[in-house]
Each structure stands twice: as C-alpha cells, then as structure tokens.
Amino acid sequence: MKEYTQLTSIEMVREFTRDNQLSFIYISRDNCSVCHAVWPKVQGLLGDYPQILVGKVDADKVKEIAGEYLVFTVPTMFLLLDQKELFRESRFIRIEQLKQNLERAILDI
C-alpha cells in the first residue's frame, strides 16, 4: 500500500501541492461508502508509482477544498504536476481508467 499524508487544512493542501512536483490528492468523506471501497484500490495502484506523492483530504474537515478545487462529489481525486491538474476522476472510479491516466501522465513528464 502506498503511504500518504493526511491533509487536515486547506493550507496543508496548498503547501503539499506546492512543495511536491507530482502530487495526487484523494478527497473523501467519513460517511461515503464508495470512498472507503475505492481508497484501498487506489492506494494499491499508486504503490506502482514511487514518484507520485499522495495526500488524502476529508472534505468534512477541510470544507474549503470544495471551493478551491471545484469538488462537487466524493470521492474526487486528481493528479497535479507543478500545481497544474493533469487529470481528475470523481464518484464512480474505474481503476483501469485511472491506471491508464496515470501511465499517460507519467509518460508525458
């Protein structure tokens, strides 16, 4: 399983994305069954990409994440390169599609 940083404030999210060239942000809520089902699969997949640093955000605790990153549903996850979004997945995550997006993003770097 890929290690991750729990981001507990919008300032931490900003700092995490600013300080890491390639960052993956996973946004969820405590009461979201889809979030809890998808996270272990995403975490396992990201284990194949040591160059990607992962941050996890609880949208119930970091309410500003919705406005700052235009998050309308959870789970939402996106990959950033130098704070620029390369791709985003939301709600019904297809792991194979996520893997293809990761592969394309890594190849383009």
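Residue positions are given per chain, counted from 1 along the sequence in the order it is written. Whole-chain, interface and lining totals are the exception, using all residues; otherwise, since this is a predicted model, local features are given only for residues with pLDDT of at least 70 and side-chain atom pairs are given and counted only at 80 or more. To obtain the side-chain values, all non-hydrogen atoms of the structure were used and water was disregarded.

(A) Region of interest: the pairing of strand S4 (residues 76-81). Classification of residues uses two cut-offs on accessible area relative to the type maximum, computed with a 1.4 Å probe and protein chains only: under 20% is buried, over 50% is exposed, and between them is partly exposed. Numbering of helices and strands starts at the N terminus; helices are DSSP runs of H or I of at least 4 residues and strands are runs of E of at least 2. Judged by how many residues are buried, S4 sits mostly within the fold: six of six residues are covered. Covered by surrounding structure in S4 are Thr 76, Phe 78 and Leu 80 together with Met 77, Leu 79 and Leu 81, the residues of both alternating faces. As paired elements, strand S2 (residues 22-28) and S4 share six bridges and run antiparallel to each other. Opposite Leu 22, over in S4, you have Leu 81 as the bridge partner. Summarising the sheet, S4 and strand S5 (residues 84-90) pair through six bridges and their orientation is antiparallel. Bridged to Phe 78 within S5 is Arg 88. The turn joining S4 and S5, which pair antiparallel and follow one another in sequence, is formed by two residues; a positive phi near 50° is taken by Asp 82. At least two DSSP bridges between two strands are needed for those strands to be called paired.

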